[in-house]
Every structure is written in C-alpha cells, then in structure tokens.
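# Fold and geometry: a report
Chain by chain, the residues run as shown.
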Amino acid sequence: MSEPAMQLLDVKKNIGSKQIIKGISFTINQGEVFGFIGPNGAGKTTTIRMMVGLMNLSDGDIRIMGNSIKSDYKQAAREIGAIVENPEMYPFMSGKQNLLHYARMIPGVTKERVHEVISLVGLEKPINDKVGKYSLGMRQRLGIAQALLHKPSVLILDEPTNGLDPAGIREIRTYIRSLAEKENVAVIISSHLLSEIEQMCDRIGIIKNGELIAIQDVHDTQAEKQISQILMEVTPAEKACELLKSQHDIESAVKGGALLFQNEKELIPQLIKTLVEHDISVFQVSVTKASLEDKFFDLIGENTIE
Amino acid sequence: MSNFFKLLYNEQFKIYIRKSTWIMYLLLAGIIVTLAVVANSYGELNEKYQQDNWREVLQEENNEINDTLKKNEDSFVSMQLEKNNFHLENDIQPREYDAWQFVMENELLLSLVTLFTIIVAAGIIANEFKWGTIKLLLIRPLSRTKILLSKYISVLVFAFFTLLFVLLFSWIVGALFFGVNGEPSFVQYQLGNYAEASVFEEITKGYGYQLVTLLMMATFAFMISSAFRQSSLAIGVAIFLMFAGNSIVGFFADRSWAKYILFANTNLEQYEFGDPMIEGMTLGFSISVLAVYYIVFLLISWLFFTKRDVAGH
Ligand SMILES: Nc1ncnc2c1ncn2[C@@H]1O[C@H](COP(=O)(O)OP(=O)(O)OP(=O)(O)O)[C@@H](O)[C@H]1O
Ligand SMILES: [Mg+2]
C-alpha cells in the first residue's frame, strides 16, 4: 500500500492551562476524502492550524507524505494546500494578483499553472477585479485556487461550504470528488454540518471536546444491516411495550399511544405477529431510516461546548 | 528571480499598490512644491550679489548694519555683518540660491519620511493579521525567518525609495524654480566662525544624521508590530517616543543611566561640535548603545514572529 498522505500521531494542544486537543490520532490515505466533523468549538480549526504549521504541537507529531511538520516543515508544507477558516485575501488586489503573490512564494509554480487553477475554479471572468468586491462564494473559490497552485498531495479545507448556496456546495462537492479520484489528492474537509459533506466523503472522523470519538466509513453504513427508527401506533400501548420487552428484548418508549424504538426493519412482521397474538390492535407502523446524521447526534450527544 | 527577491517583490507590491502609500508621496510632493513657492516669494535668494559690483553691495549693507548697531545692539544683524565680512575678506562671491541648496534645506522633510516609514513598518506585519492573510502567508514552504526578513528589508527599501523621492523631487522642483549652479558651496556659521562649506557634504551629513533616528524608530515600530500584531499601537508608541525622546532624556538627565536611553544617542550630530547631551559620552559609546538597541529590537521581532502560534482571536 502506498504511503499515507497524512498521519496524526497522538496530537495534543494546550493553550494556557486548558487542553484543547486531547490526543488525536488518525491516518488519511492518498486520494481519500476525509470529513472532519464536530460541533462548534470542538477543535477542528485548532487541529487544522497544527496540520499546516500555524500552531506548534504541544505533543505528538503530524506527518505529511512522511515528512514531520515539526522537523521537516518545508517538505511537509510543500505537500499541503489549505484554507484555514475564512478564505481571506488581500482586498485591494485583484484575484489574479493575489494568486500571483502566493505563486511567487513557492518554487516551480508557473504563470500557466496560475491560469490553469483559475479556470479550474471557474473564476476567469472576475479574476481581474479587486477581491474586495468578491462575494463570499467567489472568495471561497479563490481560496481553493490558491490552495491548489502547487499541486499539493493534501488539500485541507476548513469549512469550505461556509456561506455557499446549495448550487455552490454541489459544485465544490463534484469538484473535490474529481480531485481525489483523478489527481489522487487527499482532501480533509471540516464542517459542523454533516449532511453537507457526507456525500463527498469516503470516511468521517467525529471530534468533540478535543477528542476523536469515532471514525466512520461512509460506504460501510450503506452496506451494513440498517437500523431503523420504528413507530407503531398500538392500543393499549403500555401492554405492547411490556410485550416487546419480554418477548423480543426491545426497549421502547411510549409516546401518546405509540411505541418508538430502533431496530432492524426485518423484525417488524414478527413483532406484529406477537402483538396481534396478544390481542393488541395495530393501527399503523412507520419506519424511518436512521441516517449518519442521527448517528452523529447519538455520538456527540447534546451540542455542548466545554 | 531568486526566492528571496520574489518575497521582497511581493512585499513591495503590497506596499505600493495601496492608496495610502500614494497619499504619502503626494503629500511629500505637495509640501516640496509649497516650500519652493514660499522660498521663491519670500526667501533670501542672494540675487542682489550676482552682478560684478557684489563687493559694493555687501559694503553698503555693512554700512547700513553699522548704523543700526549704533542705535541699538542686535546680535542678529551683527552676525550678518560678520558673514558679509567673511565674503569680503576671502573674496568669495555669495552664491545664488539654487536647486542644491533647496535640497539641502529640505532635510527637514526627513522627519516626515521617518514618520511614513514608521507607519509602513508598523503595518507590514500587523496588517497581515488584521486582514487574516497571515494564515495564507505562513503555510508556504518557507521559514518564518525568511518571511520576516523580507518584510524588514522591505521597510528599509521603502525608506530608501521615499528618501530618494524627496531628494530627486526636491532637486527637480528646485531646478525649475531656482536653477542649478555648478560646484555648490555656501557659507555657514560653524564652531564660532564663518566658513565655506560644500553643499554636497552638508546634504550627506544633514540627511545622514537623521537616518539614524529613522532606522531606530522604524525598527522599533516593526518590533511592536511583530510582538502585538497591532499597527495603531506600534505607530502611536513609535511616534510618541520620537517626539518625546528629547524630553525623556532631559527628564532623566541627572540619573546615572540617562546616557543609556536610546534618545540620548540617536543624534550623532552632537559629537560634531564636541558638546554631547550628557557629559562623558563619546561617538563610539553612542554607536555601541545604538547597536545594542537595534539588535534587541530585531531579536524580539524575530522571537515573536517565529515562535508564537497564529491562533484565532
Ligand atoms: N487562541 C485561543 N486561546 C484559547 N482558547 C482557544 C484559542 N483558540 C481556540 N480556543 C478554544 O479551542 C477550542 C476549539 O476551537 P476551534 O476553533 O478549534 O473549534 P472548531 O471546531 O473549529 O469550531 P467551529 O465549528 O466553531 O469553527 C474552543 O473551545 C476555543 O475556545
Ligand atoms: Mg473552526
């Protein structure tokens, strides 16, 4: 197997006496799109700042294509393109002047490459306008263009969908997928909205209070047996609830004459049979698929900031 | 283009593309033209000495001065008398005011150049933080030291260009208003006597001495900008110190450590007349003190810029 694009090895960060990142480890492979999900204040941006060398690590190490960000900063940085938080550019310069500015900072980026990334993100028309006049969506695109100038192996995008309209998000989604598949770029996308990036990710890491609490393979959830949210309208509900517990070992909640529980869809005919056999009237059964989103909330619980 | 030169180019580009920089240059140009107009209308241009009879003109002036002196003692006119006598005794015709002398007198504009350099130095790091662009600047495969150095050198390059602009523009405006004389020299009061001095030498010295303050205060503002990431603070403190410097020295003059205050040492001209601000100071002493301050300023800038996290606000 090829070298991992990026490795985090027990990364910790203390600011003052507070531990903001409490030992995060994960590996991202080449050509993989990795979603970095967590509620506000979870530590996504802080982790990303350490990945790109803006912040020092308090402990642990980050390797980019095998180069340690601590000891081989230049080699590591050569492999990274990033937007950290907002895509801020020089407002008094045109889009093109901004790109040329960054191009001059990396050896080997030609004028042709600058034009290439401009057309890649579809900014040909406004590229000579001052960035101060750009909309947020245009600045996001310029930010991505800037990050791609030197053909990095790892692209890090902190909340790239922030402020984009649905069409813009869809566009970024297709674009990122094609980058990963065609150019074998590893992409890390952070977001606090799982639904926005779920479809473009191969894997998702969930961070909460500075800890990585789960890594989920997106395609896995489709393959594995579906756990569904099941609602049964039955009378008497209390008796039905006891029956499910005693006969099928299912914990359910009684809510206004209905039972609510999670289980496999395949079990439903059997459950109905049990209920009917015990003289319980079943009026309605409805099933909703538990999405990754529900799992996400299951995992992070309430959105509390420590 | 070499790597470092490209960084310098970037920094210069960011300085000169901004309107505020152009306003600085327009201001300087405006002041230079105004000074020329004022000198042309009210200044002493020595035109009356340009005929062959300049000795008689001087003599006549002396006679008039002697008349006034008989009525009441006035040192100002008696100095004019001394100066006229110097011209007569040494047979030196007073030169007509020209572009070179205009350039020489404009050395006072250097405090404005210093002010502008302080503003640029204060902003060159702090503005990147203000704009948020520091994040995109520091994720490049370049050491922070190199980026810092490109910024510092850029400040000096800006000062150099601005100084050059003042010199050139003053000379051009001076030439248009007053013409140019070859071999410029003038007569000035020096160490209790009148003597002829070369204008070139005076320009070099006059501008040169002020460059010390420029360099020290710009580096100081650069340091504050690097440490606090805040340009208004850097501008405020640097300008305040620049103007209050002499008063600070005066205030602490009787303390034993007063001679180690930066501003006791920035004016190297004090040694030309052998009368330093505080007794016992020498040129070598001042240069050493300045060097220590300079290195400390740069070291602090470097420490803050390279070691500190770029975190959110
Ligand atoms: N400079 C700082 N000093 C002290 N604490 C900080 C600093 N920067 C961030 N933090 C804290 O670190 C934690 C993580 O912040 P971070 O910005 O990484 O979160 P995030 O996951 O990116 O959140 P968001 O979704 O809001 O962008 C927060 O609790 C925040 O208060
Ligand atoms: Mg964030």
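Residues numbered from 1 in each chain as written. Chains lettered and ligands numbered in written order. Predicted model: local features only at pLDDT ≥ 70, side-chain atom pairs only at ≥ 80, totals over all residues. Heavy atoms only, no water.

The name given to chain B in an unreviewed UniProt entry is ABC transporter permease, and the organism recorded there is Virgibacillus oceani.

The name recorded for chain A in an unreviewed UniProt entry is ABC transporter ATP-binding protein YhcH, from Virgibacillus oceani. According to its UniProt record, chain A has this under Sequence similarities (unreviewed entry): "Belongs to the ABC transporter superfamily." (UniProt positions renumbered as here; feature names shortened; annotations may be inferred.)

## Some points on the sheet that holds strand β8 (residues 186–191) of chain A
Residue and element names in this part refer to chain A. An order of β6-β7-β8-β3-β9-β10 is seen for the six strands of this open sheet, with the pairing classed as mixed. Each end of this open sheet is capped by a strand with a single partner; those strands are β6 (80–83) and β10 (211–217). Averaged over neighbouring strand pairs, the angle between their axes works out to 15° when direction is ignored. Here strand β3 (residues 33–37) runs beside strand β9 (residues 203–208); their pairing, made up of four bridges, is parallel. Paired with Gly-35 across the two strands is Ile-204, which belongs to β9. Sheet strands touched by helix α5 (residues 136–148): β6 and β7 (154–158). Its angle to β6, the strand with the most contacts, is close to 165°. Across the face of the sheet, helix α6 (residues 166–183) comes into contact with β3, β7 and β8 while running at roughly 135° to β3. (Pairing = 2+ DSSP bridges. Helix = DSSP H or I, 4+ residues; strand = E, 2+ residues; numbered from the N terminus. Axes fitted to C-alpha atoms, helices over the stretch in contact; angles between N-to-C directions. Contact = heavy atoms within 4.5 Å.)

## Some thoughts on the site of ligand 1
The immediate surroundings of ligand 1 are formed by 15 residues, with Gly-41, Gly-43, Lys-44, Thr-45 and Thr-46 of chain A found nearest. At the site occupied by ligand 1, the surrounding residues belong to chains A and B. Take Gly-43 of chain A: an N or O atom from its main chain is 2.9 Å from an oxygen atom of ligand 1. Between ligand 1 and Thr-46 of chain A there is a distance of 2.5 Å, counted from an oxygen atom to a side-chain nitrogen or oxygen. Mapping ligand 1 onto the cavity grids shows that it belongs to the second largest pocket. Put simply, the parts of the chain that give the shell around ligand 1 at least two residues each are β2 (18–28) and α1 (44–51) of chain A. Broken down by element, the shell around ligand 1 gets its largest block of residues, three residues, from α1 of chain A. Along the lines of polarity and charge, the residues of the shell around ligand 1 split into five nonpolar, seven polar and three charged. (Near = heavy atom within 4 Å. Polar contact = N/O pair within 3.5 Å; in protein donor to acceptor, adjacent residues only side chain to side chain. 1 Å grid on protein atoms, 1.4 Å probe; cavity = no way out; pocket = protein on both sides within 12 Å on 5 of 7 lines; lining within 4 Å. Sits in = over half its atoms within 2 Å of the grid points. Nonpolar A, V, L, I, M, F, W, Y, C, P; charged D, E, K, R; others polar.)

## Side note on the UniProt feature "transmembrane region" (unreviewed entry) in chain B
Residue and element names in this part refer to chain B. Summarizing the sequence annotation, UniProt attributes the feature "transmembrane region" (unreviewed entry) to residues 21–42, 108–131, 152–178, 207–226, 233–253 and 283–305 in the numbering used throughout. Its end C-alpha atoms 32 Å apart, residues 21–42 is made of 100% helix and 0% strand. Secondary structure over residues 233–253 splits into 90% helix and 0% strand, and the C-alpha atoms at its two ends are 27 Å apart.

## So, the confidence of the model for chain A
Put simply, chain A has an average pLDDT of 87, and 92% of its residues get 70 or more. The least confident element of chain A, judged by mean pLDDT, is helix α8 (residues 218–223) of chain A at 61; the most confident is helix α3 (residues 95–103) of chain A at 96. (pLDDT = per-residue confidence, 0-100.)

## Looking at empty space enclosed by the protein
The tally for this structure, following the rule as stated, stands at two cavities of 30 Å³ or more. Taken together, His-101 and Met-105 of chain A together with Leu-7, Asn-10, Glu-11, Leu-137, Ile-147 and Ser-150 of chain B form the lining of the second largest cavity. Residue contributions to the lining of the second largest cavity peak at three residues, all from helix α1 (residues 3–16) of chain B. Counted by class, the lining of the second largest cavity contains four nonpolar, three polar and one charged residues. (Points joined across faces, edges and corners; volume = space filled by probe spheres on them.)

## Quick notes on the domain arrangement of chain B
When cut into domains, chain B gives domain 1 (2–41 + 98–188 + 197–307) and domain 2 (47–94). In this structure, domain 1 of chain B and domain 2 of chain B have C-alpha centres spaced 40 Å apart. (Domains from an automatic or database assignment.)

## Brief notes about the sheet that holds β2 of chain A
Each strand in a sheet pairs with another by means of backbone hydrogen bonds, the pair being arranged parallel or else antiparallel. Residues and elements named next belong to chain A. Overall, antiparallel pairing links the four strands, which are arranged β2-β1-β4-β5 in an open sheet. With one partner strand each, in any of the chains shown, β2 and β5 (67–68) form the two edges of the open sheet. The pairing of strand β1 (residues 6–15) with strand β4 (residues 59–64) spans five bridges and is classified as antiparallel. Across the sheet, residue Leu-8 finds its bridge partner in β4, namely Ile-62. The strands touched by α1 within the sheet are β1, β2 and β4, with β1 carrying the most contacts at an inclination of about 115°.

## Details of helix α4 (residues 111–120) of chain A
Residues and elements named next belong to chain A. Here α4 has its buried residues at Arg-113, Val-114, Val-117 and Ile-118. One side of α4 holds all its buried residues, which, seen down the axis, span an arc of 140°. Next to the buried residues of α4 lie α3 and α5. Positive phi shows up at Gly-122, right after α4, with a value of about 65°. (Buried < 20%, exposed > 50% of the residue type's maximum accessible area, 1.4 Å probe, protein only. Arc of directions from axis to C-beta.)

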